[in-house]
Amino acid sequence: MGKSAKIEFDGKSYTFPVITGSENEEAIDINQLRSETGLITYDPGYKNTGHCISEITYLDGENGVLRYRGYSVDELCQKKSFLEVAYLLIYGDLPTNLEIQKLQEDIREEALVDEDLKQIFKSFPKSAHPMGVLSSLTSALIAFNPLNETKISLKDSAGTTEKDKMYLSTIRLLAKFPIMSSWTLRKIKGLPLNYSNNNLEYTENIAYMMFAKPNQDYKQNDIIVNALNTLLILHADHEQNCSTSTVRIVGSSYAGLYASISAGISALWGRLHGGANQAVIEMLELIKNDGSDIDKYINKAKDKSDPFRLMGFGHRVYKNFDPRAKIIKKAADQVLNDLGIDDPILEIAKSIEEKALNDEYFIEKKLYPNVDFYSGIIYRALGIPTEMFTVMFALGRIPGWIAQWKEMRDSKNPIGRPRQIYNGPTHRSIS
Ligand code: SDX
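What you see is a predicted model, and the numbers here were worked out from it, not measured in a lab. (Residues numbered from 1 in each chain as written. Predicted model: local features only at pLDDT ≥ 70, side-chain atom pairs only at ≥ 80, totals over all residues. Heavy atoms only, no water.)

(A) Geometry of the environment of Trp401. Structurally, Trp401 can be placed in helix α18 (residues 389–410). Taking C-alpha positions, Trp401 is 5.9 Å from Thr244, a pair spaced 157 residues apart along the chain. Beyond its immediate stretch of four places on either side in the chain, Trp401 contacts Ser243, Thr244, Val247, Ile261, Gly264, Ile265, Leu268 and Ala394. (Helix = DSSP H or I, 4+ residues; strand = E, 2+ residues; numbered from the N terminus. Contact = heavy atoms within 4.5 Å.)

(B) Local environment of the pattern of salt bridges. As enumerated under the stated definition, the model contains 19 salt bridges in all. Notably, a salt bridge pairs Lys3 with Glu26, separated by 2.6 Å at the nearest N-O pair. With Lys3 in the segment before β1 (4–9) and Glu26 in strand β3 (residues 26–28), the pair connects residues that are 23 residues apart, well separated along the chain. On the accessibility criterion, Lys3 (54% relative accessible area) is exposed. Among the ionic pairs, Asp295 bridges to Lys355, the shortest N-O distance being 3.3 Å. Here Asp295 is found in helix α13 (residues 294–302), whereas its partner Lys355 is found in helix α15 (residues 344–357), with 60 residues between them in sequence. When its relative accessible area of 38% is taken as the criterion, Lys355 is described as partly exposed. (Salt bridge = Lys/Arg side-chain N within 4 Å of Asp/Glu carboxyl O. Buried < 20%, exposed > 50% of the residue type's maximum accessible area, 1.4 Å probe, protein only.)

(C) Broad picture of the side chain of Asp237. By the element assignment, Asp237 lies in the loop between α9 (222–234) and α10 (242–251). One buried charged residue, Asp237, forms no salt bridge at all, with the nearest opposite charge on Arg397 at 5.0 Å. Here Asp237 is in contact with Ile56, Thr57, Tyr68, Leu89, Thr244, Arg397, Gly400 and Gln404, once residues within four sequence places are set aside. (Lys, Arg positive; Asp, Glu negative; His and termini not counted.)

(D) Seen up close, the environment of Phe9. Among the secondary structure elements, Phe9 is positioned in strand β1. For Phe9, a relative accessible area of 30% gives the class partly exposed. For Phe9 and Leu39, which are 30 residues apart along the polypeptide, the C-alpha to C-alpha distance reads 9.3 Å. With sequence-adjacent residues up to four places away left out, Phe9 is seen in contact with Tyr14, Thr37 and Leu39.

(E) Examining the site of the ligand more closely. Around the ligand lies a shell of 25 residues, among which His238, Arg309, His315, Arg316 and Arg324 are the nearest. Measuring from a nitrogen atom of the ligand, one finds a backbone N or O atom of Leu310 at 2.8 Å. Interatomic distance of 2.8 Å between a side-chain N/O atom of Arg397 and an oxygen atom of the ligand. Coverage of the ligand by the protein chains reaches 79% of its 1100 Å² of free accessible surface. Tallied by class, the residues present in the shell around the ligand amount to 9 nonpolar, 7 polar and 9 charged. (Near = heavy atom within 4 Å. Polar contact = N/O pair within 3.5 Å; in protein donor to acceptor, adjacent residues only side chain to side chain. Areas by Shrake-Rupley, 256 points an atom, 1.4 Å probe, with all protein chains shown as cover. Nonpolar A, V, L, I, M, F, W, Y, C, P; charged D, E, K, R; others polar.)

(F) Quick look at the domain arrangement of the protein. Per the domain assignment, the segments making up the protein are domain 1 (4–66), domain 2 (74–272 + 388–410) and domain 3 (276–381). A straight line from the C-alpha centre of domain 1 to that of domain 2 covers 33 Å. Each partner contributes residues to the interface: domain 1 has 9 residues there, and domain 2 has 10 residues. Carbon and sulfur atoms make up 60% of the surface buried where domain 1 meets domain 2, a total of about 850 Å² over both sides. Our count for the contact surface shared by domain 1 and domain 2 stands at 0 salt bridges. In this assembly, domain 1 and domain 2 are joined by 4 residue pairs in polar contact (both at pLDDT 80 or more). The class makeup of the residues in the side of domain 1 that touches domain 2 is 5 nonpolar, 3 polar and 1 charged. (Domains from an automatic or database assignment. Buried area = accessible area lost by both parts, 1.4 Å probe.)

(G) Representation of the nonpolar core within the structure. Counting 114 residues, the largest nonpolar core has Tyr68, Leu284, Leu310, Ile352 and Ile377 as the members making the most contacts within it. Here this core takes 12 residues from α18, the largest share from any one element. (Core = buried A, V, L, I, M, F, W, Y, C linked by side-chain atoms within 4.5 Å.)

(H) Broad picture of the packing of aromatic side chains. Tallied over the full model, the rule gives 12 aromatic pairs. Geometrically, the ring pair formed by Tyr297 and Phe308 is edge-to-face, given 5.4 Å between the ring centres and 65 degrees between the ring planes. Of the two residues, Tyr297 is situated in helix α13 and Phe308 in the loop between α13 and α14 (323–338); the sequence distance between them amounts to 11 residues. A residue is classified by how much of its surface remains accessible, and Tyr297, at 5% relative accessible area, is buried. Between Tyr361 and Phe362, the aromatic rings sit 5.0 Å apart at their centres with planes inclined by 75 degrees, giving edge-to-face as the arrangement. Since its relative accessible area comes to 18%, Tyr361 is described here as buried. Its guanidinium or amino end placed over the ring of Phe121, Lys187 lies 5.0 Å from that ring's centre, counting from NZ or CZ. The positively charged end of Arg409 is found above the aromatic ring belonging to Tyr254, 3.7 Å away from the centroid. (Phe/Tyr/Trp six-rings, centres within 6.5 Å; stacked < 30°, edge-to-face > 60°. Lys NZ or Arg CZ within 6 Å of the ring centre and 35° of its normal.)

(I) Focus on unusual backbone geometry. For Ser292, which is not a glycine, the phi torsion comes out positive at approximately 50 degrees. Along the chain, the position of Ser292 falls in the loop between α12 (276–289) and α13. The phi dihedral of Lys412 is positive, around 55 degrees, even though this residue is not glycine. With respect to the secondary-structure elements, Lys412 resides in the segment after α18. Residue classification places Lys412 among the exposed positions, given a relative accessible area of 71%.

(J) Structural context of the sheet that holds strand β4 (residues 57–60). Taken in spatial order, the 3 strands of this open sheet run β4-β5-β6, and their pairing is antiparallel. On the outer flanks of this sheet lie β4 and β6 (71–72), each paired with one strand and no other. Relative to β6, strand β5 (residues 65–68) runs antiparallel, the two being bridged by 2 bridges. By the bridge assignment for β6, Arg67 is matched with Ser72. (Pairing = 2+ DSSP bridges.)

Right under this line is the structure:
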């Protein structure tokens, strides 16, 4: 007999089962709470609420642990490519050589974006934020790939199964999203739009599409490719964060994969979430331009009456170091050193970290650097404009969103529809 939890309410006692995960996390199963007690729970921001059982990513916020399908992200960064990690997240195991070759070939087959979609892209003003552009283009993919969207729940005339369609949607997104992302960068830089170089490995190709210049021989920089590989792996999934939960809940209504991920891109854009990496660099530049007065900004962050927050610090789950931040901080040092770049804001970031980690306010509230605190410094060193930083986050998160959406559908999760406590006017008639 498993564990259970008892609730006493209105003179009655109720018992609910407790479920335990493979890492011994425990939850009260309240599926029958309302039908048995008439009660619902109230948990703004879902700080104490699990909305699914998942086998994809495990993180331990107290001990700073992050694993994809059981493998530590540190080991994956050292030994595997981003595409192999994408395969691991989506299909549950690391691919064999044959499996990764097939995935790479299938992606190459789909590595084109409809020319009409390119026209839609070109109609955006140069000033448009790339996250808004990509959310629109990803949703627009539906119009150019109807097979996978309109009949996802029915056998279509072509007789392809849902599994085939899921696979086709997956490789189309893995193929087309990097092209569209590179277009947003190239548009900002005034470069002509290009396409995949199918002779290159997946991450090498992303670097090529972003950085290749017309009428110049493209020379691959392994420092850049290796840094991108690490950053993309570290951003690939992070269990039920805001944007991933958005992808799952939109998909739970039977909206298609592209529509669900388009919603996830919009959620990630927010400065409290993926948009923080852009906000961190803007904050560091503000501090640098204000005489690098770090104490002033640490005090502003602590001042309740001041809206200023130390961007890149704090996390809903990590109450210790975000393991990704540690890896990225080391990579930032390495990349700047290898590229011979001396960026003063890296020193400002390190001074802020040192002061904050020794400050009572941050210690008491368990606020540590998160994934966004150092990542922007590497993107900057790679010549990526600040407004593109969250696009780089989304580029990494695509396989995680696909994996989570697929798991939600495979597990036949019900449509997401939270309840509420109504506190508005009681019944009244028009006088
Ligand atoms: C990501 O969930 C994920 O997994 C997300 C992510 C992923 O991979 O998908 O890891 C990616 O989004 C990382 C987080 C990036 N965001 C930022 O860096 C923005 C700055 N940080 C915060 O705004 C905040 O820490 C959050 C949004 C990250 C977490 O917010 P919570 O969990 O709702 O916590 P909170 O806002 O209630 O803060 C708790 C306390 C508050 O003080 P009190 O009201 O208790 O007195 O800590 C304070 C906050 O004022 N606080 C901060 C702070 N973060 C929290 N004070 C100053 N500076 C900060 N950065």
